[in-house]
Amino acid sequence: MSATITVEQAAAAIHQGQVIAYPTEAVWGLGCDPFRREAVERLLALKQRPQAKGLILVAASLEQLQPLLAELTPEQWQQLASTTAIPTTWLVPFNATTVPDWIVGEHALLAVRISSHPLVRRLCELAGMPLVSSSANPQALPAARSLAEVQAYFADVVPCCDGELGGASRPSTIRNLLTGQILRE
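Definitions and limits used
Position numbers for residues start from 1 in each chain and track the written sequence from start to end. Two thresholds apply to this predicted model, a pLDDT of at least 70 for residue-level local features and 80 or more for giving and counting side-chain atom pairs, whereas whole-chain, interface and lining totals are computed over all residues. As a rule here, side-chain values come from all non-hydrogen atoms in the structure, and water together with hydrogens is ignored. Basic side-chain nitrogens of Lys or Arg form a salt bridge, by our definition, when they fall within 4 Å of a carboxyl oxygen of Asp or Glu. A run of DSSP states H or I qualifies as a helix once it reaches four residues; a run of E qualifies as a strand once it reaches two. Both are numbered from the N-terminal end. Between buried and exposed lies partly exposed: a residue is buried under 20% and exposed over 50% of the maximum accessible area for its type, with that area taken using a 1.4 Å probe on protein chains only. Between any two strands, at least two bridges found by DSSP are needed for them to pair.

Caption draft 1: Broad picture of the pattern of salt bridges. A full pass over the atoms with the stated rule returns 3 salt bridges. Between Arg 113 and Glu 25 there is a salt bridge, with its nearest N and O atoms 3.2 Å apart. Here the residue Arg 113 occupies a position in strand β6 (residues 110-114), and Glu 25 occupies one in the loop between β2 (20-23) and β3 (28-31), the gap between them amounting to 88 residues. With respect to burial, Arg 113 and Glu 25 carry one shared label: buried. Here Arg 37 and Glu 41 are joined by a salt bridge, their closest N and O atoms 3.0 Å apart. Here Arg 37 pairs with Glu 41, and both are found in helix α2 (residues 37-47), just 4 residues apart, close to one helical turn. Residue classification places Arg 37 among the partly exposed residues on the basis of a relative accessible area of 34%. Assessed through its relative accessible area of 41%, Glu 41 is described here as partly exposed.

Right, here's the structure in full:
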């Protein structure tokens, strides 16, 4: 069984370069420090996911994301800020000097989400940064929707942050901020 830890312990584990599991709006996620390559590589290995696919960053606020983003119009900033109640991942232009290539993979845009889930927001605040947020499952298997499912997938390898899923019935919508195109409903 994976250890169950508090949100404070989860933030400390992230600072130590660990991968953790935590509940999000709809499914359990795996997270880590996006700026520590070894942590991201460990997360990708656990998921059996190629780096080229890129990863989503989740944040507590728009302010946490600002240093990572390229110039946006006031309307685009407003759109990013106004969608926190609905789980939406936005594909946005990014600052190549602050965003590691192992996060964006082969993509020209960065995937970001401002979470409305209290535990996720607290975790990002305690960590002091946006976090990698990827569904807690090996590639091609269903996303974990319970602590027991996370533990079945990752046994003793990943500590799990104690908490409950939010009320969303499915993972976030993915939209291109520049075009408005919906890539995942």
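Caption draft 2: Fine view of the pairing of strand β5 (residues 88-92). In terms of burial, β5 is a largely internal element, 5 of the 5 residues being buried. Every second residue of β5 is oriented toward a common face, with Thr 88, Trp 90 and Val 92 on one face and Thr 89 and Leu 91 on the other, all of them buried. The sheet contact formed by β5 and strand β9 (residues 173-176) spans 4 bridges and is parallel. Residue pairing across strands places Thr 88 opposite Thr 173, the latter belonging to β9. Judged from the 3 bridges that link them, β5 and β6 form a sheet pairing that is antiparallel.

Remember that the coordinates give geometry; whether it matters functionally is a separate question.
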